[in-house]
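Structural overview for review
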Amino acid sequence: MYTTDQFEGMIANTTTIKGYNGDEINAYFARPEGPGPFPAIVVIHHLPGWDELYREFTRKFAHHGYLAISPDLYSREGKGTPEDVAAAVRAEGGVSDDQCMGDLQASAEFVLSLPNSNGKVGTFGTCSGGRHAFLAGCRLDIFDAIVECWGGNVIMNPDQLTEKQPKSPNEYTSQLSAPLLGLFGDLDQSPTPSQVNQHEQELKSAGKTFEFYRYPDAGHGFMYYDRPIYHQSSSVDAWQKVFSFLQKNIS
Amino acid sequence: MCTMICEQANLEGSAKGVEGWFPLQQANVFYDHPFHAPWEYGVNIDFVNKSIGIGSRVSVELSPQSAKLLAETIIKALEKGEKDPQIKISVLD
């Protein structure tokens, strides 16, 4: 519990790490001051880009005592405003799942290598980042906790598959190697409630450890306080669920 | 989620961006989340020239109804122009 008499300090800055294929990519790294040991989290930005909102999310995790790193998954596309870069990536059909997984693996290795790490790392993502978080939980075995917020395209139709996204993430469900927290809005158009049902059923059938929470009055992006879709009570509860889940699994 | 719906057209023309006019190379038409407009999904049109730089982009975000109206309006203007005998099609060789 946060109290007003405790010392608090944070360092936050951009850094570079070696990502997929050894490529140098940027990352935003926020961490509490102090010897630790601290749990870590890889914060996966959404398709609108490596933007201010995600820097704020990253600092929020650091404020709560996590070594938080948010890699720029669009580093290779070029440099510019987050929106311009994201628009260019979107025009190219997004980034490949393989490349993204490589960048997330490298980010996790980076934070785990720090002397003040407690040896555990989770991941958190929203929208396309939620999809990437689930995929990382299935394809990588480095994560100890997965937070998937309204992961879009976790269930993909065959006509949505591309060279960059060649396999629907739900097909990897049996490989999920860490506890999963899923947060969804019932008014979301994608994932729809029926897709969330299917996702949940597949996790149950595979015998996975997971918690799903659905908010009846929330839509897509309900934790984005800079968007009209923001839903205050759902968002506040969802953040509590996030930190409770991480506390249980990686702290 | 992000739909990843994107239709592209190679275009000739000019667009005025943050740093002034630039020659157009392409239009990307998305049916996806807007950056700024308040709805969950919209028709987002980027006029770009990536060969100049990633920031050479003029963007508009429209509601689906507005996008249809714009498309119809462009066609109407074209039809009027093409019917006018005093107008010759302007193309650079």
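Scroll up to find the structure this text is about.
Residues numbered from 1 in each chain as written. Chains lettered and ligands numbered in written order. Predicted model: local features only at pLDDT ≥ 70, side-chain atom pairs only at ≥ 80, totals over all residues. Heavy atoms only, no water.

**Digging into the overall build of chain A**
On a plain count of helices and strands, chain A comes out with six helices and eight strands. Ordered by position from the N terminus, the helices and strands of chain A form the series β-β-β-α-β-α-α-β-α-β-β-α-β-α. The globule rule puts the C-alpha radius of gyration for 251 residues at 18 Å, and the 17 Å found for chain A is close to it. The buried share among the 251 residues of chain A stands at 57%. Residue pairs in contact within chain A that sit at least 24 positions apart in sequence constitute 71% of those at least 6 positions apart. The averaged location of the 31 negative side-chain charges in chain A is 3 Å from the averaged location of its 19 positive side-chain charges. (Helix = DSSP H or I, 4+ residues; strand = E, 2+ residues; numbered from the N terminus. Rg over C-alpha atoms; globule rule 2.2 N^0.38 Å. Buried < 20%, exposed > 50% of the residue type's maximum accessible area, 1.4 Å probe, protein only. Contact = heavy atoms within 4.5 Å. Lys, Arg positive; Asp, Glu negative; His and termini not counted. Charge placed at Lys NZ, Arg CZ, Asp CG, Glu CD.)

**What to know about the sheet that holds strand 4 (residues 26-32) of chain B**
The four strands are arranged 1-4-5-6 (chain B) in an open sheet whose pairing can be described as antiparallel. The open sheet has two edge strands with one neighbour each: strand 1 (5-10) and strand 6 (57-62) of chain B. Strand-to-strand twist in this sheet, taken as the mean axis angle between neighbours without regard to direction, amounts to 15°. Both strand 1 of chain B and strand 4 of chain B contribute to a ladder of six bridges, which runs antiparallel. In the strand pairing of strand 4 of chain B, cysteine 6 of chain B is matched with phenylalanine 30 of chain B. Along the sheet, helix 2 (residues 82-91) of chain A contacts strand 1, strand 4, strand 5 (42-48) and strand 6 of chain B; its crossing angle with strand 4 of chain B, the most-contacted strand, is approximately 90°. (Pairing = 2+ DSSP bridges. Axes fitted to C-alpha atoms, helices over the stretch in contact; angles between N-to-C directions.)

**Topic: the packing of helix 3 (residues 97-112) of chain A against helix 4 (residues 128-139) of chain A**
Residues and elements named next belong to chain A. Packing of helix 3 against helix 4 leaves a shortest axis separation of 10 Å and a crossing angle of 75°. The orientation of helix 3 with respect to helix 4, classified from their angle, is roughly perpendicular. Residues Asp97, Asp98, Cys100, Met101 and Leu104 of helix 3 form the contact with helix 4, whose participating residues are Arg131, His132, Leu135, Ala136 and Arg139. Tallied by class, the residues present in the contact of helix 3 with helix 4 amount to five nonpolar, one polar and four charged. (Parallel < 35°, antiparallel > 145°, perpendicular 65-115°, else oblique. Nonpolar A, V, L, I, M, F, W, Y, C, P; charged D, E, K, R; others polar.)

**A closer look at the state of the cysteines**
Tallied over the entire structure, the rule returns zero disulfides over all chains. For the unlinked cysteine cysteine 149 of chain A, the closest cysteine sulfur is that of cysteine 127 of chain A, found at 11 Å. (Disulfide = S-S within 2.5 Å.)

Functional significance is not addressed by these values, which are geometric in nature.
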